[in-house]
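Here are the chains, one letter per residue:
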Amino acid sequence: MAAKDEVGRHGENIVARRLEEHGWEVLARNWRCELGELDIVAVDGGELVAVEVKTRRTATFGSPQEAVTGEKLSRLRKLVAAWLASQDRRFAAIRIDVVAVTLPRAGAAVVEHLRAVG
Amino acid sequence: MIGRSRAIALAGLAGHVVDVEAHLAAALPAFTIVGLPDASLQESRDRVRAATSSSGLDWPTRRITVNLSPASLPKSGSATDLAIAVAVLAAATQVDSRAAARSVYIGELGLDGAVRPVRGVLPAVAAAVAAGLPNVVVSSANAAEAALVQGARVTGVASLGELARLLGNEHALLAPPPKANVVHTTATLPAQLDLADVRGQEEARRALEIAAAGGHHLFMVGAPGAGKTMLAARLPSLLPPLDNADAVAATSIHSLCGSFDPSEGLLSRPPFEAPHHSASAAAIVGGGSAIARPGAISRAHGGVLFLDEAPEFPARILDTLRQPLESGEIVLHRAYGAARYPSRFQLVLAANPCPCGNRGVRGKACSCSPIVARRYLARLSGPLLDRIDIRIDVAPVRRGATEGEATVVVAERVARARAAARERFSGLGWSANAQASSRWLRASTPSTSLAAGQAALDRGSVSARGLDRALRVAWSISDLAGIPAPTATHVLEALSLRNGSLT
């Protein structure tokens, strides 16, 4: 596993743990299909949330949330549709969140949760 | 979180206060500017962002929306960069938001964080002060110009970092001071030219002096090399200095054009503009897309507009001068609205007597056919010539011509004549004889003097309107002579100043 994948994996673990602490129900992690991958699929209240986790160690290449482009968002929408089609449960509403994780060299991870971005 | 600052949007010389609001939302990072910005203002996003980073300030990773209010007013240009940057920094609590909201910011940002000077600072600051916002922050290169506005409290900053420190951020970096100054495109004031340089030409010098005394438009016809341009270029130095209102208006125009040096204060000498006959209508009267920019007639406000080789100008362009000659201002309508520029100038036309220039010159043969020669001066339309009070022939200088009076001597007489006219017209709203109404002229000119003019009218050698013009000139002659009203001799001299090649 490349170092950057390990960083990403670590970030996703942190986020998944936090979401569960906040009472979210995590339905799937790293769900894949031919379109790509959903990092976390969870339920917040009655709402289905597709969570995209972006993890960075430095801000040299911009902040993590800046890495989510319009193109990426539209792919996430298609992925959510594909995930919904793959199972039977129905939800009152669907949204996409972005969670930006910055891992400083020392100290705790900085997590910023952006709701309903797309 | 909302940050506020203020900027000025200029539409011509009229400035409007623009409230700049920046809103930060917790969403994917983006930066949008709303409120009718044009393409040049959209570019300010990239400059503001780069300048902020270069100044050691954090650019907020938020969805930033900047609104320029009133949203219905079209906005343009780079002068709002500074206000946008301050509003964003205030919204991000990187500077004190209450201090930020107290001032008006006018300046362009460089990528290195430098605050660059912009054009039109004088009218913009004047608009801010008039709107009750005396605290103005400008580029340090514009500070001298901004300080010319009475009542303005001007802060000059060299960089965004310096401004952020003034607004309470201690970590901001100072950028190197801007190297580029406002581009001064033209030298508007000719070096002081002296009338003593003109040899001979007693008649033309006299006409020039009378034109200066009464603010009369002047038309000179003469062979090439006779000295028409020399004479015209010396007219501004004969005119009295601009009064305060005209100085502010003229300086504002030159500030917009980037053709004025603030280190010398407000323009006080009457400007001199001599556009070439190949100039376009937009260059002469003002023009351009979006909001029209001032042209030569507005740069000549309070001074002299000299059209050399006047018949070579397209008739269409000469006719555009009629409205400003009548009203003293020009209104230019463009896509983004109307711009109103003052343009009260003294018109001086010069022309050769015919295309080859030799017609009627002693010792030279004219090579033009009679019809070509006649058509040449007929290119100047009747309505335009109708507004010109003095028409003279300028003959080539002969050998042994003597040096005449110096500018200081003549300007002194002109100043006294102007003062006499101003006093006479104090209740009537005119400042020079050229503006006097026909009714006033007929009522106030002594009847014996009027009779001399009416005899010419009866002979048919002058039209009724031509007589009015001659009477205006006669008053200028009597003002120069220092007597209270024109005599019959003065009226006859004035009539003789209408008998150039064209009547």
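Peer 1: For the overall build of chain B, give the residues involved together with the corresponding values.
Peer 2: For chain B, the helix and strand inventory stands at 22 helices and 18 strands. Each principal axis of the C-alpha atoms in chain B carries an extent, and together these give about 90 × 50 × 40 Å. Put simply, chain B has 503 residues, and 50% of those count as buried. Long-range contacts, defined as pairs at least 24 residues apart, comprise 74% of the intrachain contacts of chain B with a sequence gap of at least 6.

Peer 1: Please provide a residue-by-residue account of the overall build of chain A, values included.
Peer 2: Counting its regular elements, chain A contains two helices and five strands. The order of α-helices and β-strands along chain A, N terminus first, is α-β-β-β-α-β-β. Expected size for 118 residues packed as a compact globule is a radius of gyration near 13 Å; at 14 Å, chain A falls within 12% of this value. Taking the principal axes of the C-alpha coordinates as reference, chain A spans close to 45 × 30 × 25 Å. Buried residues in chain A amount to 25% of all 118 residues. Excluding contacts between residues fewer than 6 apart, the proportion of contacts in chain A whose partners are at least 24 apart in sequence is 55%.

Peer 1: Any chance you could break down helix α16 (residues 370-378) of chain B for me, citing the residues and the numbers?
Peer 2: All names here are of chain B. Taken as a whole, α16 has its buried residues at Ala-373, Tyr-376 and Leu-377. Buried residues in α16, looked at end-on, bunch into an arc of 80°, giving them a common side. For α16, the exposed residues set more than 90 degrees away from the buried face come down to Ile-371, Arg-374 and Ala-378. Next to the buried residues of α16 lie β17 (346-351).

Peer 1: Could you give an account of unusual backbone geometry, naming the residues involved and the relevant values?
Peer 2: Here the bond from Ser-69 of chain B into Pro-70 of chain B is cis, since omega is 5°, no more than 30 degrees from zero. Here Pro-70 of chain B is to be found in the loop between β4 (63-69) and α3 (81-91). Residue Asn-30 of chain A is not a glycine yet carries a positive backbone phi of 50°. Along the chain, Asn-30 of chain A turns up in strand β1 (residues 25-33). Here Ala-116 of chain A, not a glycine, exhibits a phi torsion of approximately 50°, which is positive.

Peer 1: If you had to explain the confidence of the model for chain B to someone new, which residues and values would you point to?
Peer 2: Residue and element names in this part refer to chain B. Averaged over all residues, the pLDDT of chain B is 89; the fraction at 70 or higher stands at 96%. Within chain B, the lowest mean pLDDT, 84, falls on helix α17 (residues 382-385), and the highest, 97, falls on strand β5 (residues 104-106). Per-residue pLDDT stays below 50 along residues 182-189; that stretch engages in 19 contacts with residues further than four places along the chain or on separate chains. At the level of chain-chain contacts, confidence expressed as ipTM amounts to 0.71, with global pTM at 0.79.

Peer 1: So what about the domain arrangement of chain B? Which residues, and what values?
Peer 2: Residues and elements named next belong to chain B. Split by domain assignment, chain B resolves into domain 1 (2-166) and domain 2 (195-402). Computed from C-alpha atoms alone, the centre-to-centre distance between domain 1 and domain 2 is 40 Å. Taken together, the 15 residues of domain 1 in the interface contact 16 residues of domain 2. Taken together, the elements giving at least two residues each to the side of domain 1 that touches domain 2 come down to α5 (121-130) and α6 (143-146).

Peer 1: Please give an account of the packing of helix α20 (residues 447-459) of chain B against helix α21 (residues 464-481) of chain B that cites residues and values.
Peer 2: Residue and element names in this part refer to chain B. Remark: α20 packs on α21, axes separated minimally by 10 Å, with the N-to-C direction vectors making an angle of 150°. Relative to α21, the element α20 is oriented roughly antiparallel. Crossing hand, α20 versus α21: right-handed. Across the interface between the two elements, Ser-449, Gly-453 and Leu-457 of α20 pack against Ala-464, Leu-467, Ala-470, Leu-471 and Ala-474 of α21. When grouped by side-chain class, the residues that make up the contact of α20 with α21 number six nonpolar, two polar and no charged.

Peer 1: Please provide a residue-by-residue account of the sheet that holds strand β3 (residues 47-56) of chain A, values included.
Peer 2: All names here are of chain A. With respect to topology, five strands assemble into an open sheet ordered β1-β2-β3-β4-β5, the strand pairing being mixed. Each end of this open sheet is capped by a strand with a single partner; those strands are β1 and β5 (110-114). Adjacent strand axes in the sheet meet at a mean angle of 25°, parallel and antiparallel pairs treated alike. Two elements, β3 and strand β4 (residues 93-102), share 10 bridges in a ladder whose sense is parallel. Residue pairing across strands places Leu-48 opposite Ile-94, the latter belonging to β4. Across the sheet, helix α1 (residues 3-21) lies against β1, β2 (36-44), β3, β4 and β5, angled at about 140° from β3, the strand it touches most.

Peer 1: Can you explain the interface of chain A and chain B? Please cite residues and give values.
Peer 2: Counting residues at the interface gives seven residues for chain A and five residues for chain B. Residues that form the side of chain A that touches chain B fall into these classes: four nonpolar, two polar and one charged.

Peer 1: Describe in detail the sheet that holds strand β18 (residues 390-394) of chain B, supporting the description with residues and values.
Peer 2: Residue and element names in this part refer to chain B. Strand order in the open sheet made by the five strands is β11-β14-β17-β10-β18, with parallel pairing throughout. The two strands at the open ends of the sheet, each matched to only one other strand, are β11 (272-273) and β18. Sheet analysis places strand β14 (residues 304-307) next to β17, joined by four bridges and oriented parallel. Bridged to Phe-306 within β17 is Val-348.

Peer 1: Tell me what's going on with α5 of chain B, and back it up with residues and numbers.
Peer 2: Residues and elements named next belong to chain B. The element α5 is extensively covered by neighbouring structure, given that nine of its 10 residues are classed as buried. Taken together, the buried positions of α5 are occupied by Val-121, Leu-122, Pro-123, Ala-124, Val-125, Ala-126, Ala-127, Ala-128 and Val-129. In this fold, the buried residues of α5 make contact with β1 (2-11), β2 (14-25), β5, β8 (135-139), α6 and α11 (244-257). A positive backbone phi angle near 85° is found at Gly-132, which sits one or two residues after α5.

Peer 1: A description of the pairing of β18 of chain B should follow, citing residues and the corresponding values.
Peer 2: Residues and elements named next belong to chain B. Burial within β18 is extensive, with four of its five residues counted as buried. In the sheet, strand β10 (residues 218-222) pairs with β18 via five bridges, with the strands oriented parallel. Note on β18: the bridge partner recorded for Leu-218 is Ile-390.

Peer 1: Quick one: what's the story with the packing of helix α8 (residues 202-214) of chain B against helix α18 (residues 407-424) of chain B, residue by residue and with numbers?
Peer 2: Residue and element names in this part refer to chain B. Where α8 contacts α18, the axes come no closer than 8 Å and their chain directions differ by 35°. Where α8 crosses over α18, the two elements pack in a sense that is right-handed. Every residue of α18 that contacts α8 at Glu-209, Ala-212 and Ala-213 is listed here: Val-410, Arg-413, Val-414, Ala-417 and Arg-418.

Peer 1: Which residues make up the environment of Ser-140 of chain B, and what are the values?
Peer 2: Residue and element names in this part refer to chain B. Structurally, Ser-140 is set in the loop between β8 and α6. It is 4.8 Å that separates the C-alpha atoms of Ser-140 and Val-157, two residues lying 17 residues apart in sequence. Setting aside anything within four residues of it in sequence, one finds Ser-140 in contact with Gly-156, Val-157 and Ala-158.

Peer 1: Tell me about the nonpolar core, residues and numbers included.
Peer 2: Within soluble globular proteins, side chains that are nonpolar generally end up buried alongside one another. Core analysis: the largest hydrophobic core is formed by 149 residues, its most contacted members being Val-88 and Ile-106 of chain B. Take this core: its biggest share by element is 10 residues, from α3 of chain B. Per-domain counts for this core show at least three residues from each of domain 1 (2-166) and domain 2 (195-402) of chain B. Excluding residues within four positions of it along the chain, Val-88 of chain B makes contact with Gly-3, Ala-22, Val-48, Ile-64 and Val-66 of chain B. With 21 residues, the next largest nonpolar core counts Val-15, Val-41, Ala-42 and Val-51 of chain A among its residues.

Conventions we followed
- Residues numbered from 1 in each chain as written.
- Chains lettered and ligands numbered in written order.
- Predicted model: local features only at pLDDT ≥ 70, side-chain atom pairs only at ≥ 80, totals over all residues.
- Helix = DSSP H or I, 4+ residues; strand = E, 2+ residues; numbered from the N terminus.
- Buried ≥ 20, exposed ≤ 12 C-beta atoms within 10 Å, placed from the backbone.
- Contact = placed C-beta atoms within 7 Å.
- Rg over C-alpha atoms; globule rule 2.2 N^0.38 Å.
- Arc of directions from axis to C-beta.
- pLDDT = per-residue confidence, 0-100.
- Domains from an automatic or database assignment.
- Axes fitted to C-alpha atoms, helices over the stretch in contact; angles between N-to-C directions.
- Parallel < 35°, antiparallel > 145°, perpendicular 65-115°, else oblique.
- Left-handed = near helix turned anticlockwise from the far one by under 90°.
- Nonpolar A, V, L, I, M, F, W, Y, C, P; charged D, E, K, R; others polar.
- Pairing = 2+ DSSP bridges.
- Core = buried A, V, L, I, M, F, W, Y, C linked by C-beta atoms within 7 Å.

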